[in-house]
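# Structure assessment
Chain residues, written in single-letter form:
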Amino acid sequence: MGRPDFPKSLKEFQARFRDDEACRKYWAARRRPPGLCCGRCGQTEAFELAARALWQCKGCGRQTSVTAGTVLHRTRLPLSVWFWAAYLVTTHTPGLSAVQLHRQLGISYETAWALLHKLRRAMVNPERQALQDKVEVDETYLGGPEVGLKGGRQLLDKALIVGAVEVRGTAAGRVRLHVVPDASARSLTGFVTRTVAPGTLILTDAWQAYATLGDLGYRHRPRTQGAPARAAKLLPHIHRVFGNLKTWLAGTHHGVGHDHLQVYLDEFAFRFNRRRTPMAAFQTLLGLASGIHGPTTYDMLYRSESAR
């Protein structure tokens, strides 16, 4: 569906998704074959059993729920709650905490927390395009002050975040953020090769871990910063991103533990990359949730996310 299909106001959203049946029809339309593929025979043609809210495969007759294989798989929550949550998450500029969602939707805190984490998992498209053209890359610490070059880039009790942002003239383009175990060449250049397209002009500071980027197919331009305070001037876009990230984590979530930090970074990047189209983000989020990630298990929600 194209952009004209996006709800453009709260009033329009309420009218369009007034109840569970309206939400179900919308979801079914988005997953209508050939988008829905039978898990048994691979057939992409099916017909709807509207009275039972199921699809039946034309090939083998297998029946499946419209939400099967998505982050809504086997959900016990009404679809309208999912739709409202997705709407609030993607249109509320500062973002929402589980406490706020619990109050807004009248659901338990535990339910709100799990729902938010499932939606955050759907915010990362595994098929997203790599950053390109011109990109700034740097690291920052969360949880305490930096040790500084004199003491080495040590973690101690802090989390180390590496970020990359496209430079588009005087503005920042798309951003990627990831937790890394250390500031070694393996960690930092590994992030770059997973995130940035070969041939891209990459701007970094003179940290030695980035020295091999030129050998990896990038046009690397290191910049010697001298005093740490100059970093924001040499790499202004990524440092602006880091500043906004820290403000958001402290203001909306009042800090985040290491175990789930990556999913919050994913949410920040999702919001940042869609900051000029907040209403479109609602449908993007539901689209990313439709079959790309599959069900979110209890273990996925509660295990340490630091290994991601």
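First, a word on scope: everything that follows refers to the structure included in this document. (Residues numbered from 1 in each chain as written. Predicted model: local features only at pLDDT ≥ 70, side-chain atom pairs only at ≥ 80, totals over all residues. Heavy atoms only, no water.)

The next thing to look at is the overall build of the protein. Along its length, the protein carries eleven helices and eight strands. Here the protein, with 308 residues, has 47% of them falling under the buried criterion. Partitioning the contacts of the protein with sequence separation of at least 6, the portion at a separation of at least 24 is 59%. (Helix = DSSP H or I, 4+ residues; strand = E, 2+ residues; numbered from the N terminus. Buried < 20%, exposed > 50% of the residue type's maximum accessible area, 1.4 Å probe, protein only. Contact = heavy atoms within 4.5 Å.)

Moving on, we come to the layout of surface pockets. Where empty space is left becomes clear once a probe the size of a water molecule has been rolled over the atoms. Estimated volume of the largest pocket: approximately 590 Å³. Together, 22 residues line the largest pocket, and V124, N125, R128, Q129 and R176 are the ones closest to its centre. The set of elements that each furnish at least two residues to the lining of the largest pocket consists of β6 (171–180), α6 (185–195) and α9 (261–273). If one sorts the elements of the lining of the largest pocket by residue count, α9 sits on top with six residues. When grouped by side-chain class, the residues that make up the lining of the largest pocket number nine nonpolar, six polar and seven charged. (1 Å grid on protein atoms, 1.4 Å probe; cavity = no way out; pocket = protein on both sides within 12 Å on 5 of 7 lines; lining within 4 Å. Points joined across faces, edges and corners; volume = space filled by probe spheres on them. Nonpolar A, V, L, I, M, F, W, Y, C, P; charged D, E, K, R; others polar.)

Our focus in this paragraph is the side chain of Q262. The residue Q262 is located in helix α9 in this model. Given the relative accessible area of 3%, Q262 is considered buried. A polar contact is formed between the side chain of Q262 and the backbone oxygen of L177, at a distance of 3.3 Å. (Polar contact = N/O pair within 3.5 Å; in protein donor to acceptor, adjacent residues only side chain to side chain.)

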